[in-house]
Amino acid sequence: MRSLCRKGCIAAMRTDNKGKALATDTAENTELSKIVNAMVEQRHHLGISQRDLAEMCGVPHSTVARIEAGRIIPNMGTLLKICERLYLTIKVEPIQTEE
């Protein structure tokens, strides 16, 4: 089960030893980590700090830091805002199945 935090992020209900929310679905984590890695790489390429990106997106610096650290899962609106500011797009494609 997930809950929406007030900063616009979806967090899994499982927590670490400090009570911080953690993502629980391995497949979801793998796909999200690909997106986050691309975001971090592009942010570095553009020479933008986490703090500057957060300001550009209208979210707290801690939100960007937690997304990049894998501590929270951003909601779609936050993710799209960040990607837009980083000149990235999210592409959805059908999964190839064997038939």
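Residues numbered from 1 in each chain as written. Predicted model: local features only at pLDDT ≥ 70, side-chain atom pairs only at ≥ 80, totals over all residues. Heavy atoms only, no water.

## Focus on the nonpolar core
Point 1. Counting 17 residues, the largest nonpolar core has Met-39, Leu-53, Ile-67, Ile-82 and Leu-86 as the members making the most contacts within it.
Point 2. For this core, the secondary structure elements donating two or more residues are helix H1 (26-46), helix H2 (50-57), helix H3 (61-69) and helix H4 (76-85).
Point 3. Broken down by element, the residue count for this core peaks at 4 residues, all from H1.
Point 4. In contact with Ile-82, other than residues within four places in its own chain, are Met-39, Leu-53, Cys-57 and Ile-67. (Core = buried A, V, L, I, M, F, W, Y, C linked by side-chain atoms within 4.5 Å. Buried < 20%, exposed > 50% of the residue type's maximum accessible area, 1.4 Å probe, protein only. Helix = DSSP H or I, 4+ residues; strand = E, 2+ residues; numbered from the N terminus. Contact = heavy atoms within 4.5 Å.)

## As for the environment of Ile-82
Point 1. Along the chain, the position of Ile-82 falls in helix H4.
Point 2. With a relative accessible area of 1%, Ile-82 lands in the buried category.

## Focus: the packing of H2 against H3
Point 1. Viewed as axis vectors pointing N to C, H2 and H3 meet at an angle of 115 degrees, and their least axial separation amounts to 8 Å. For H2 against H3, the interelement crossing comes out right-handed. Contacts between H2 and H3 pair Gln-50, Arg-51, Leu-53 and Ala-54 from the former with His-61, Val-64, Ala-65 and Glu-68 from the latter.
Point 2. Each residue belonging to the contact of H2 with H3 can be placed in one class, and the counts come to 4 nonpolar, 2 polar and 2 charged. (Axes fitted to C-alpha atoms, helices over the stretch in contact; angles between N-to-C directions. Left-handed = near helix turned anticlockwise from the far one by under 90°. Nonpolar A, V, L, I, M, F, W, Y, C, P; charged D, E, K, R; others polar.)

## A short note on the pattern of salt bridges
Point 1. This model, assessed by the stated rule, comprises 4 salt bridges.
Point 2. Across the salt bridge formed by Glu-31 and Lys-34, the nearest N and O atoms sit 3.3 Å from each other. One end of the pair, Glu-31, and the other, Lys-34, are both in helix H1, 3 residues apart, so they sit about a helical turn from each other.
Point 3. Overall, Lys-34 belongs to the exposed group, its relative accessible area being 52%. (Salt bridge = Lys/Arg side-chain N within 4 Å of Asp/Glu carboxyl O.)

## With respect to the packing of H2 against H4
Point 1. For the pair H2 and H4, the least separation of the axes is 9 Å and the interaxial angle reads 115 degrees. Taken together, the axis directions place H2 and H4 in an arrangement best described as roughly perpendicular. When the axes of H2 and H4 are compared, the crossing they make is right-handed. Residues Leu-53, Met-56 and Cys-57 of H2 pack against Lys-81, Ile-82 and Arg-85 of H4.
Point 2. Residues that form the contact of H2 with H4 fall into these classes: 4 nonpolar, no polar and 2 charged. (Parallel < 35°, antiparallel > 145°, perpendicular 65-115°, else oblique.)

## Topic: the confidence of the model for the protein chain
Any region with low pLDDT has predicted coordinates that should not be read closely.
Point 1. Mean pLDDT over the protein chain: 81, with 73% of residues reaching 70 or higher.
Point 2. Confidence, expressed as mean pLDDT per element, reaches its minimum in the protein chain at strand E1 (residues 2-4) with 40 and its maximum at H2 with 98.
Point 3. For the stretch residues 1-14, pLDDT sits under 50, and the model shows 43 contacts to residues farther than four places along the chain or on other chains. (pLDDT = per-residue confidence, 0-100.)

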